[in-house]
Amino acid sequence: MTFSIESFDWFCGVNSTHSLDNFDWTVNGTLENDCFTNLIYTVPHIIFTLLASLVLVVYGCCTRLRKIKHTYLLRYPGHTLFWLTYVVLVLLLICSVGEGLLTDIDVHVDYPTQPQLYIPACTAVIAGLLALIYYNQMELWDVSSMIWLLFLYWVTALAVEIVRFLNMYLDDEIGLEILRFDVNIAAIVLYSVFILLALHVIRIKVCGCCTTEKTFPEDLKKDNMHFKQDYANFLSYVSYWWLNFIFYVGYRRPLEIKDLGVLTEEQSANYQRKVFSDNMEYEQERSAKTGKPLSLYRVMFKSYRTSILLGGLLKLCVDTISFVIPVILAQALLYVTEMNYGNPDDVQTTGQYVTAEIFFKNGFVLVALLFITSFLKAVFNQSFNYVMFLAGAHLKAAIQAAVYNKTLRLSGWSMSGGSMNMGQITNHMSVDAQSLMAAMNWFHFTWSTPYLIIGYLYVLYTEMGVAALIGAVVFFLAIPIQALIAKKQSQFQKRIMATSDTRLKQTNEMLGGIKLIKLYGWEDIFGNDIKEARNREIITKMKQAGFRCCLYVLGGVIPILVTLVAYSTYPVLTGKALTPDITFAALNIFNQLSFPLTVLPQVITFQINGYISIKRLRAFFAAPEIEEREDGRQKPEWGGSGTKKAHGPVNVDINGSLVSDVLIRQPKHRMPKSSDRARLLDHEDPDDTNAYGTFSSTPKDRPVSPALASDTAVKVVSSDQLTGASFTWDIDSHLPIISDIDLKIPAGKLTMIVGPVGSGKSSLLSAMMGEMTTLSGNVIWNKQMAKIAYGSQKAWLLNATLKENILFGNEYNQQRYLSVISACCLQPDIDILPAGDQTEIGEKGINLSGGQKQRVSVARTMYSSNDIVILDDPLSALDAHVGKHLFQEGIAEFLLQSQRTVILVTHQIQYLDKADWIVYMKDGRIERQGTMNEIRKMDPELHQRWEEMIEQIETESESESEEESKTYKEREELKRSISTTKEKKGHAKQGNGVNGAPDAVRQVSQANEGPQGKLMSKEERMRGSVSWKVYWFFIKNLGVHIFAVIVFLLVATNGIQIGTNFLLSEWSEKGANLSDDTSPDVIDEISAYYFPRYAALSFSVVITTLLATAGILLSTLVAGRRLHNQMLDRVMHSPMRFFDTTPLGRVLNRFSSDIVVLDLRLGMTLTLFSRFVFSCISAIIVNAIVSWWFILLIAPISVLYFLIMIFYITTSRELQRLDSITRSPVYALFSETLNGLSTIRAFSQEGRFHRNIMRRIEVNNCTTIYMFVAARWLGFRLDFLGALVVLISGYVTMISAFTGVLEASLVGLAITYALQISGHLGMVVRTSADLEMQMNSAERAQFYTQLKNEEYDGAMFPAKSWPDKGDILYEEVSARYAKELDPVLHNVNIHFRAGEKIGICGRTGSGKSSLTLTLFRIIDTFQGNIYIDGVNINHLPLIELRQRLAIIPQDPVLFTGTIRFNLDPIHVSSDDELWEALEIAQLKPVVTGLNLGLDSQVTEGGENFSVGQRQLFCLARAFLRKTKILIMDEATASIDQETDKVLQEVVASAFKDRTVLTIAHRVSTILDADTILVLSDGHIAEYDTPKNLLEIEDSIFASLVKANL
């Protein structure tokens, strides 16, 4: 068998003008022979297809490469350009196939088929697709030698394209108007690009020429880095195919945080923080130089300009493609119209090949173009959303980090002075960061919306002429209205932010003081205040919702008005009737116009919110910071800043910039108030241009602080040598809080600071630590010993284990740790705790007593290796024997024997003789200082008062002659007896985590670490889909009848809309039937008939839409109000155990983030969801009516659609829940930091806390980004399905019209609705997913509306005078804090007689406070009964019980408001009674000195008063209650001895006829009591008169008295 080229004559086709018969190798037989050139064209494509298939099979099956299972791909040079150009090439080749088929059908209609016209293009398409697979596998396997085959293929493909070009070039009848020639030229260009790309790859990957080899990416070295967006091929990149793994996992089981892994370095929150921080620093410098305000917009642009510019380019592509779609639709309908009513000869073609014009006028080609453009629009749109949403997430993380960093430097006065509060600062972290993220996401819509409107109007003008321009006037008339509404929205948004801040502030204070609120029975009072604030917030939001509704409806009204104007004027101006091509092209444009107009209100809202947040943040970043001064202390180092170590000692400031160790900033002297405020806001300072910048630059030209002698630890000196140093809290104040301070603290010695309440002791410590504003003078620390450990007066603990609280970030040293535990007498407490030192301490140490918290705080200072230990009155909160043990073994031995400097503020003057230096303060000045002997000589009278007070204590103890050794033995015996009790209890109960072994090492390190050590409950997390019960729960709060009306309005809206469009179809079809010579009267008659009906139906749609939208937005606000109030009632009336085990940040998250979702986001989501769902249903109904074949073809797509929907929602639901759960720890740590700023700064632990918050932000950032990218994964797939729907609808209707079954108007109607499905399918799933995600907030709210409450109802109501005696009887009472916990009181039987004064004592944790809490039913009395004046308190209403008793709690709590409100929030006392109570509490002089007296303001937490003064206010508050029973729970712990003595006398006289239960650390304060109750481990250990107990030598009470010496 011989081969001859003539055997391929079949390829040319029968009767073809060119064939291979009598073939010769002349120019005429080759280059001028179309069949031959087309045959040659197929050769390289076929050969490559065979060779590439062989290579892939061999490499994939017969080598080690088949074992490669990694999911990443390292991109070769030119990867993206290759994919983009190859996609273009494949589209051109598909176009070439279509051109060949159309040429064969239309041009050579009289001949049989000619394979040469389309087979070459088919082979090229197959080879092109295989080349993509081949290139991908080359990169995946990293076999660069595979490029040679591609290179040879592209060279030969270019060669045959050139041959084809010469063939057509030699034909005089072929020019640029021929589509085949155009495609050929484009292919030559593209293959040339591929050859250059191949050479580039060969140079780098094969030859390694002129390049450096890249190392393996660090990101891919992490096993848990699953975010492969930058390590996937281009197709996977744009389709998010790499993300499939998360959906597989999420569909099989609920997702966990570990499933997400970590992000790439570039996507990490820490990387974004650094970028933002660097640009913020640069902007701060620019602002200081130019004198202009800091611009956060400029910072954001510099940080994310690449994303912003790329997003803008992609958005431009999306919008531009949008203009093409209606043009294609118009041409397709024109094709059908001409096919049905036109001249068939109009579509006949001449020549050898089809022209580009005829090709692109073909209806079937146009439908394919609709599919391609719809799909390309979807790809660009998803890419745009990915880029911008990612930038938004990065901005949110960076803002949160910046706010936290600023907070770490915030001055104390900024919060205590009233300029801002914790609620506002928390809002910066949550609301403002979220607002800026949304503003970034929607930024490009600010220019895209007008661009779309103008573009659509131009396209409309090309279709309808001047009529479109007349219709456009409506848009311009609407602009002022929209601007006015937007302005109103902005005003209301500011009010909303203010009312929201107020509500959150009140909620935060309520939660912080919940124990006091419950003890006083004030739940309803505070709850009503918060509800009133909520009502004001809701009213403001409703007004804003009204304007938002107007904007939303305006977006729907304007296109309808434009339609009416255009349709009514078109026949008049043109003299032509409406036809389907014009009508439905215009209708499509009007539908598209509704999107920018509908989204405009949302865009305006987001940008307004962003602008307001920018202003708030700018003010926050400009807020005063603690002074940056070189006082000898080492500045904190910031981890994760990326700052490299410089030579010599360096420090790192807040933003990571290096600061020299020898540069200081002199404290600035005060300027006039107005000038200082102006300079502050403009970031100017006479001494430092960046005095208050969080990201302040490195200070320059600052003098060196003088060195101190080795025997001096710290020195406070004046600057003028005439007066002492002065300090104040308020940055704008000229009045010093403490003044004339001239102080030198000896190194390695004990310095004690004493003085009456409010004398300035704590302020002096704050001034030394740089927390106050310096008016004059300097604080100088010895650089050789400048590390500080600080224990605040109000102990601050972390929500961490007890051990972690003590270590506080330091390395664990067992011997040192055990020594500290022993010195602080913590071992018995650790034995009590359920998991030993691994027990988790609740937020603010809520599960520990005051003494335990204070000793943990002191243990933290002792364990640290810092040179100077500052303790602010720690002994006041401790029992007598524990306080003495701590002083002797902790301070005197552990600290001082280690040559550490100790500065101790105390009221325990019995220890003054142990001090090496004494500082006595009075009225904000140092009255006396020196050794005890020096003060005796300087001020004999003061020394005499001290001696008398000390002697009184010794006399009362009746033990001054006891030898110290005996006292020590008695104290040890007391400890052994308590330990024995605990040991017995430990043996009696199994699994309670108590270690009864005598070995301290075992007790600490081998403590049970099981779940019982976790006090904080894990945040509830629902799994699976949101239950229908949650939806029904929300509907009930919405209003069932209102919900039914809304559904009816939505159905009516879409039903009328369908009728309107069918009417329009009939109208346009009437116009298509008219001939060109139809008289104008006929046209006018048609318009007169249809126009009024069309207008009436259109305005009916507007009215029902307005009613439905208003119903949804307003009813969701009503539901949000109801849910908020239900949550508030349930939370406020929950048992104290709930607050002990639930972090404050978690509860606040319910009242902030979840409420914002329910109020605002859920309403808009419901509106959009209902709109898109009914729109898609309408589209399916219309297409089914037009052609029932559509239903058959759409069925498999519908199945796939629902599978994707289920797949996505299952995973996205869990991602949303993870996002919610990971947000809470961020806010919780932020809240903790705000409460412990001074401690963190004193320890120089800013860096560690910064790293902790960054870890938490990182986890939340990871879930946020995965959530966004998952939405893009869905969007790509649904947009592709939507494009398929357009393709199916187009071809079904086109074929029906081609066969004469359908009219052109119905084709237009069907395709228009199909295009609507294309845009709305994705939105249905997205909004349904958003709806379910947001219903998660309703689910979380529902959980809080079902919290178990205390039993507030009672079986009987007490008499108005009850209790009239004050008789208290305990019968077999056992109590516990929760059912799952061990009892804290055991079978207590005791009788407190009316009018008796009972002193209650015992070591820490013995049950003293628990006993008194049973009177208020705060804890669970599960056995026995308590009777007050013969009435069983379990039978009484709870509020009534608590309001009939009075208590002065251990922790003083004041609320924001007036002094009057804090004393008497229920307004039942007169002014005279209030002043009397203040006088009794020794506070009258303090309040009289304030400008407004009783109406003077108390700042958040009472920070404008000292702790001692706060405790006195609590005393005054209790005195106001005219009750027969008063409980004083360590009420004078923070008060000096002298004031305490006066108070005890006042209490004795004021309450002589009342029953008083006093819990005291100072046993001397209860020696005058009628009886003494000693508790031990919840049991009554002793109960007798003080005299009788002291006479028993081995009594616990006697030991306590002796230990108090």
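Along each chain, residues carry numbers from 1 onward, in the same order as the chain's sequence is written. It should be noted that, the model being predicted, local features are given only for residues of pLDDT at least 70 and side-chain atom pairs only at 80 or more, the latter also being counted only at that level, while totals for whole chains, interfaces and linings use all residues. No hydrogens and no water enter the side-chain calculation; it runs on all heavy atoms of the structure.

A.B. asks: Kindly report on the packing of aromatic side chains, identifying the contributing residues and their values.
C.D. replies: A pair of aromatic rings is counted whenever rings of Phe, Tyr or Trp (Trp by its six-membered ring) have centres within 6.5 Å, and the orientation is called stacked for planes under 30 degrees apart, edge-to-face for over 60 and tilted otherwise. A complete count under the given rule lists 67 aromatic pairs for this structure. Residues Tyr-237 and Tyr-386 carry aromatic rings whose centres are separated by 6.3 Å and whose planes lie at 75° to one another, so their mutual orientation is edge-to-face. With Tyr-237 in helix α7 (residues 234-239) and Tyr-386 in helix α13 (residues 363-409), this residue pair connects regions lying 149 residues apart in the sequence. One aromatic cluster in this structure is built from Phe-82, Trp-83, Tyr-86, Tyr-135, Trp-154, Tyr-191, Phe-194 and Phe-234. The aromatic ring of Phe-389 is capped on one face by Arg-1272, whose charged end is 5.3 Å from the ring centroid. Counting as a charge over the ring demands two things of the Lys NZ or Arg CZ atom: a distance within 6 Å of the ring centre and an angle within 35 degrees of the ring normal. Geometry around Phe-1422 places Arg-1376 over its ring, the cationic atom sitting 4.1 Å from the centre. Per the convention used, a helix needs a DSSP run of H or I reaching at least four residues, while a strand needs a run of E reaching at least two, with both numbered from the N terminus.

A.B. asks: Tell me what's going on with the side chain of Asn-1432, and back it up with residues and numbers.
C.D. replies: Summarising the element assignment, Asn-1432 is placed in strand β19 (residues 1431-1432). Excluding residues that lie within four positions of it along the chain, Asn-1432 makes contacts with Asn-1425, Ile-1426 and Tyr-1427. Here, residues are in contact when the closest pair of their heavy atoms is within 4.5 Å.

A.B. asks: Could you give an account of the pattern of salt bridges, with specific residues and numbers?
C.D. replies: Salt bridges are identified by distance alone: a Lys or Arg side-chain nitrogen within 4 Å of an Asp or Glu carboxyl oxygen. Taken as a whole and judged by the stated rule, the model has 37 salt bridges. Note that Asp-1159 is salt-bridged to Lys-541, the shortest N-O span being 2.7 Å. In this pair, Asp-1159 is assigned in helix α36 (residues 1144-1186) and Lys-541 in helix α19 (residues 523-574), connecting sequence segments 618 residues apart. This pair shows no difference in class: Asp-1159 is buried, exactly as Lys-541 is. Through salt bridges with shared partners, a single ionic network connects Arg-503, Arg-534, Glu-537, Lys-541 and Asp-1159. Per-residue accessibility, obtained with a 1.4 Å probe over protein chains only, is compared with the maximum for each type, and a residue is labelled buried under 20%, exposed over 50%, and partly exposed between these values.

A.B. asks: Give me the sheet that holds strand β17 (residues 1397-1401): which residues, what numbers.
C.D. replies: In spatial order, the strands read β20-β23-β24-β17-β25-β26; together these six strands make up an open sheet with mixed pairing. Of all strands in the sheet, those bounded by a partner on one side alone are β20 (1446-1448) and β26 (1579-1584). Neighbour-to-neighbour, the strand axes of the sheet open up by a mean angle of 15°, direction not taken into account. For two strands to be treated as a pair, DSSP must find at least two bridges joining them. Sheet analysis places β20 next to strand β23 (residues 1525-1529), joined by three bridges and oriented parallel. Following the sheet pairing, Ile-1448 is matched in β23 by Met-1528. In this description, a line fitted to the C-alpha atoms serves as the axis of each element, helices being fitted only across the stretch in contact, and the angle between N-to-C directions of two axes falls anywhere from 0 to 180 degrees.

A.B. asks: Tell me about the sheet that holds strand β5 (residues 738-741), and name the residues and values.
C.D. replies: If you trace the three strands from one edge of the open sheet to the other, you get β5-β4-β8, paired in antiparallel fashion. Edge positions in the sheet fall to β5 and β8 (773-776), since each of these pairs with one other strand and no more. Strand-to-strand twist in this sheet, taken as the mean axis angle between neighbours without regard to direction, amounts to 25°. The sheet contact formed by strand β4 (residues 725-728) and β5 spans two bridges and is antiparallel. Following the sheet pairing, Ala-725 is matched in β5 by Ile-741.

A.B. asks: Residues and numbers for the pairing of strand β14 (residues 925-930), please.
C.D. replies: Where strand β13 (residues 917-922) meets β14, five bridges bridge the pair, whose relative direction is antiparallel. Of the residues in β14, the one forming a bridge with Val-919 is Gln-929. Hairpin remark: β13 followed by β14, antiparallel, with two residues in the connecting loop; positive phi at Asp-923, about 55°.

A.B. asks: A description of a nonpolar patch on the surface should follow, citing residues and the corresponding values.
C.D. replies: Surface patches are defined over residues having more than 30% relative accessible area and no salt bridge, joining like charges when they lie within 9 Å and nonpolar side chains (Val, Leu, Ile, Met, Phe, Trp, Tyr) when within 5 Å. Every accessible area reported is derived by Shrake-Rupley at a probe size of 1.4 Å, with residue values counting cover from the shown protein chains alone. Together, Tyr-458, Tyr-461, Val-466, Leu-469, Ile-470, Val-572 and Leu-573 make up a nonpolar patch on the protein surface, roughly 680 Å² of accessible area in all. Breaking the nonpolar patch down by element, the ones donating at least two residues are α16 (445-464), α17 (466-512) and α19. In terms of residues, the nonpolar patch owes the most to one element, α17, which gives three residues. Within the secondary structure, Leu-573 sits in helix α19.

A.B. asks: Before we move on, could you go through the environment of His-394 and cite the residues and values that matter?
C.D. replies: With respect to the helices and strands, His-394 occurs in helix α13. For His-394, a relative accessible area of 7% gives the class buried. Note: C-alpha distance between His-394 and Gln-272 (122 residues apart in sequence) is 6.0 Å. Excluding its chain neighbours within four sequence positions, the residues that come into contact with His-394 are Glu-266, Gln-267, Gln-272, Tyr-304 and Ile-1265. Any pair of nitrogen or oxygen atoms within 3.5 Å is treated as a polar contact; in protein, a donor-acceptor pairing is required on top of that, and neighbouring residues in sequence qualify only through side-chain atoms on both sides. A distance of 3.5 Å separates the side chain of His-394 from the side chain of Gln-272, its partner in a polar contact.

A.B. asks: Talk me through the pairing of β4; I want residue IDs and the actual numbers.
C.D. replies: Here β4 shows two buried faces, one formed by Ala-725 and Phe-727 and the other by Ser-726 and Thr-728. Note that β4 and β8 share three bridges and pair antiparallel. Among the inter-strand pairings, Ser-726 is bridged to a residue of β8, identified as Ser-776.

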